[in-house]
Each structure stands twice: as structure tokens, then as C-alpha cells.
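# Chains, contacts and geometry: an overview
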Amino acid sequence: MSAIVITLETQANSSDHLIIQRPAAGLSLQGRIRVPGDKSISHRALMLGAIAEGETQIQGLLLGEDPRSTAACFRALGAEISDLNTELVTVKGIGLGNFQEPINVLDAGNSGTTMRLMLGLLASHPGRFFTVTGDSSLRSRPMSRVVKPLQQMGAQIWGRKGNTLAPLAIQGQALQPIHYHSPIASAQVKSCILLAGLNTEGQTTVTEPALSRDHSERMLRAYGAELSIDPDTNSVTITGGAKLYGQTVIVPGDISSAAFWLVAGAIVPGSDLVVENVGVNPTRTGILEALALMGADIQLENQREVAGEPVADIRVRSGGLKSCTIAGDIIPRLIDEIPILAVAAAFAEGTTIIRDAEELRVKESDRITVMAQQLNKMGAKISELPDGMEITGGTPLVGAEVDSHTDHRIAMSLAIAALNAIGTTTIHRAEAAAISYPNFTNTLREICQ
Ligand SMILES: O=C(O)C1=C[C@@H](OP(=O)(O)O)[C@@H](O)[C@H](O)C1
Ligand SMILES: C=C(OP(=O)(O)O)C(=O)O
């Protein structure tokens, strides 16, 4: 039985080709693995640590490019953040309202979360001027979704294309509280307004059309903010002016990263994998529900609560998958997992429909178009819908030359598809994985042994 060959080749332009040569038979995935820290929680631990009084200690921080961008921005705003490459990261907070005016542009890199959440804080710091930018992907992503409500609070923000695109310039102001009815279920929009509200006298409320991830709400409370939540209307109200105090944050493994292994274990015959220590906050577990609908054999073991977030070990064993329909309120609870869900659907019997996911078009890439194009190169049958995809599974995939379009979730989803495709797949620009999962290729090798 020949083994799988996984090669990472760095090109002259310093981008990587990930080459996966799958054996004709005999591959199964085995082992107990861990995934890196949750990206959403990592950003928030750094940000709230920076605006709190005293010291925050963070265990298990994600060392991906995105949280590194957050750390760099908040260092420039005055917080003392220790070396990120250590087991315990400490943040010496400067207290709410105390940002220093950075002497240069704040660079959020590839991270929408960094830019949108930070904008809420910057806009509400009177007397300071800030400029923010990002990489070419982030500079093309819509910022009006946060700029508009911040302007309703009195913020002064300027940007390209009618203040909708970064680079943005912000003249900090004392803001007015609002009740904002967000047209989209977005944790970034919700968190931006809550952070602006934190630094604004009075009560600021955000209502969203469906519940998005609630890490900000949980962590703001833990740091000492006054928050009330109305689950019937998906509304959160924050009372401005509270002092935050440094906390110990233990970051669980990221379910969005675990999703790659859950799908890999479900589709590669004979597999039995356990992903340990994964955050299973109910606002993030849509992927588990979707895979259950598809008939995947997934079990939660050792369920517990760690530092205010539910955590479990997740076991997956391979088995035939069937198609399903994913739409409506579940979408925000699995938004980042749709690329890998498309891979699962390509191996499932029947036609899977994904709808209400137009947000995918404004992520790091247009994830609807890119996933359809790239997986179709491998022989998948995916047609685009304006707000999703129609995926007819069951035909074997074959190795091909594919491209991540510099989108981390696309790079990793294509690698998992390659594990179950006949022959050799080359993923161009695979280095994008480091945005949220720096050790992805090592874990891939580990479970294929
Ligand atoms: O708040 C967060 O940490 C995130 C919210 C989501 O974005 P939207 O708020 O744009 O849906 C998600 O896609 C992103 O990866 C992380
Ligand atoms: C969309 C994502 O992140 P962000 O919006 O923070 O760039 C993601 O991680 O898939």
C-alpha cells in the first residue's frame, strides 16, 4: 500500500504550492489532534485586554496572521502586548478612552474582524485622529455596514467610494447612543456598535435579523461591561462608560478550523478522528448540525465549560453522506464553514442546496464563485446561486491545479477535497492558510500517517 505524499513548495514569488498525491487506495485518517485557538475569541481577548485596566492573560491565543494584525494595531494604540509566540500572552491595558494617537496608519492586514471591531473603538475616542487600511482583499470589502451606523452615532469617518472602502480616516468624537437595527446578521457589525456604545454615555442597542456569534457579549460581560440581552428579538444593549478589568482568557480550539478535519474524517473511508478541545458555543455549531443532517457520524465527548465558553472533544468516523438544504437562521452560525461544507456536499449522494448566504460574496474572496470554479476543476458539479450554491454530489473528484485566490478557507477546503480525489492536486497560493491556521499542513501530514 503506497502512502499519500504531501509537499509544500515555495515559489520564486514566495507563494506556496501545496501538492497532495493521494494513493489509489488505502488512505484513512486516524488520530487525536488539536486545532489552534479560536480566531474570534483571540481578537476580542486582545482588544478588550487593551482597553481594560490592569493585566489580561491569554492562554491558547491563535498565532495566525489575523490576530497578529490585531496585536500590531493595539500596540500602536498604546497597549503593551507581550511576545505572541509564548504560551501565555499578557496585555497591559490602557483603560477605556485612553488610546494614544498612532503615528502611522493602522494596518488590519487581511482581517475584517480587526478593522470593523476596531472602528467602533476608534470612532468613539474624541480628540484623536486615526487612519486604517488593510491588504488588497480587505480594501475591497464593504465597510459601509459599520461606517453608516457609526455615523448615525455622530462618528466622523472618511473613505474611498463614498466612505465605503478602506483606507479610512477617523476623527474620534464623543458619540450619541442609538438603537441600530442591522440589516445583516453579522457579529462584526454587532460588535463594532457595542464597542462604540461601551465608550458612549447612555444605552446603545443592536438588533440583528438572526443571531450571530456571541463571543463579544460573553467576553464584554466577563471584563465588567453592563449588558442586557433579549433573545426573543436578537437584541443586545450595552450601557456606556463601564470600566473593564483585565481577565484570564483561555481560548478554546476554533470550530471553524476543526471543520476541515470533521469533513475530512467524514469523507475519507475508514477514518476515525478526534479533534480535542474545540469551542462549541451554540452560535458557532451550525456546521455540526449541517453534517448531522448529511448523516455524518459525529459525537461530542467530554463536554465542559472553559472560561465562559462551552468546549468538547469531537469524534468523527467516516460514512456515506447524503445531500441536505442549508438556509435561513443557521447560515450565520456556519458562515465560515460553507466552503468546507461544499466539499462535503461534493461527496454526498444527491443535490445539496445552500441559500441565504450572499455574505460569502464579500469575504476574503467571493467564496461562492471561487469554490464553485475551483471544485468544478476537480470534477465537482456546482452551480452558483445568487445567494449560495447547488451541489450535486456523488461523482468521484479528480486531482487538478487549483487556486486559493489568497483566501485561507478556500486553500484548506481544497486540500481536504484533494484527500479524497483521484491522483494529484496542486493548490496554488496555499500559504493563505496561515491567516487562521498556521500549522495546517503539519496536521494534515500527521493524520494521514
Ligand atoms: O466577529 C467575528 O469574529 C467574525 C464574524 C463573521 O463575519 P461577519 O460578521 O461579517 O459575518 C465571520 O465571518 C468572521 O470570520 C469572524
Ligand atoms: C471572513 C473571515 O474573517 P474576517 O472577516 O475577519 O476577515 C474568515 O475568517 O473566514
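Residues numbered from 1 in each chain as written. Chains lettered and ligands numbered in written order. Predicted model: local features only at pLDDT ≥ 70, side-chain atom pairs only at ≥ 80, totals over all residues. Heavy atoms only, no water.

The name recorded for the protein in an unreviewed UniProt entry is 3-phosphoshikimate 1-carboxyvinyltransferase, from Aphanizomenon flos-aquae FACHB-1040. Annotation of the protein in UniProt includes, under Sequence similarities (unreviewed entry), the sentence "Belongs to the EPSP synthase family." As recorded by UniProt, the Subunit (unreviewed entry) comment attached to the protein reads in full: "Monomer." (UniProt positions renumbered as here; feature names shortened; annotations may be inferred.)

Turning our eyes to something else, we now look at the site of ligand 2. Looking at ligand 2, there are 13 residues lining it, with Lys39, Gly112, Thr113, Arg141 and Arg409 nearest. Within the backbone of glycine 112, a nitrogen or oxygen atom sits 2.8 Å from an oxygen atom of ligand 2. Note that an oxygen atom of ligand 2 is positioned 2.9 Å from one of the side-chain N or O atoms of glutamine 188. Taken by itself ligand 2 offers 290 Å² of open surface, and the protein chains cover 99% of this. When atoms are counted within 2 Å of each cavity's grid points, the one that captures over half of ligand 2 is the largest pocket. Counting only elements with at least two residues in the shell around ligand 2, the list comes to helix H3 (112–123) and helix H12 (408–419). A per-class count over the shell around ligand 2 returns no nonpolar, six polar and seven charged. (Near = heavy atom within 4 Å. Polar contact = N/O pair within 3.5 Å; in protein donor to acceptor, adjacent residues only side chain to side chain. Areas by Shrake-Rupley, 256 points an atom, 1.4 Å probe, with all protein chains shown as cover. 1 Å grid on protein atoms, 1.4 Å probe; cavity = no way out; pocket = protein on both sides within 12 Å on 5 of 7 lines; lining within 4 Å. Sits in = over half its atoms within 2 Å of the grid points. Helix = DSSP H or I, 4+ residues; strand = E, 2+ residues; numbered from the N terminus. Nonpolar A, V, L, I, M, F, W, Y, C, P; charged D, E, K, R; others polar.)

Taken together, Lys39, Ser40, Arg44, Thr113, Arg116, Ser186, Ala187, Gln188, Arg213, Ile335, Asp336 and Lys363 make up the full set of residues near ligand 1. Out of a free accessible area of 390 Å², ligand 1 has 95% covered by protein chains. Cavity membership is defined here by more than half of the atoms lying within 2 Å of grid points; on that basis ligand 1 lies in the largest pocket. Put simply, the parts of the chain that give the shell around ligand 1 at least two residues each are helix H1 (39–51), H3 and helix H6 (187–198). When the residues that make up the shell around ligand 1 are grouped by side-chain class, the tally is two nonpolar, four polar and six charged.

The next thing to look at is unusual backbone geometry. Here the bond from alanine 166 into proline 167 is cis, since omega is 5 degrees, no more than 30 degrees from zero. When you line up the elements, proline 167 lands in strand E10 (residues 165–171). Notably, serine 14 is not glycine yet its phi reads approximately 65 degrees, a positive angle. In this model, histidine 405 sits at a positive phi of 55 degrees, which is unusual for a non-glycine residue.

Most of strand E18 (residues 309–317) is tucked away, with seven of its nine residues classed as buried. Both strand E16 (residues 272–279) and E18 contribute to a ladder of six bridges, which runs antiparallel. Paired with valine 278 across the strands is alanine 312, a residue of E18. Two elements, strand E17 (residues 297–306) and E18, share eight bridges in a ladder whose sense is antiparallel. Residue aspartate 297 lies in a different strand from E18, and its bridge partner there is arginine 317. What sits between the antiparallel neighbours E17 and E18 is a turn of two residues, in which alanine 307 has the positive phi angle 50 degrees. (Buried < 20%, exposed > 50% of the residue type's maximum accessible area, 1.4 Å probe, protein only. Pairing = 2+ DSSP bridges.)

This part is about the UniProt feature "domain: Enolpyruvate transferase" (unreviewed entry) in the protein. When the UniProt feature table is mapped to this numbering, "domain: Enolpyruvate transferase" (unreviewed entry) covers residues 28–444. Between the end C-alpha atoms of residues 28–444 there is a gap of 12 Å, over a span that is 31% helix and 26% strand.

The next subject is the pattern of salt bridges. Applying the stated criterion to the full structure yields 24 salt bridges. Glutamate 276 serves as the salt-bridge partner of arginine 32, at 2.6 Å between the closest nitrogen and oxygen. Taken together, the residues arginine 32 in strand E3 (residues 30–34) and glutamate 276 in strand E16 connect sequence positions 244 residues apart. In this structure, lysine 39 engages aspartate 66 in a salt bridge whose closest nitrogen and oxygen atoms are separated by 3.9 Å. In this pair, lysine 39 is assigned in helix H1 and aspartate 66 in helix H2 (residues 65–76), connecting sequence segments 27 residues apart. The class of lysine 39 is buried, set by a relative accessible area of 8%. (Salt bridge = Lys/Arg side-chain N within 4 Å of Asp/Glu carboxyl O.)

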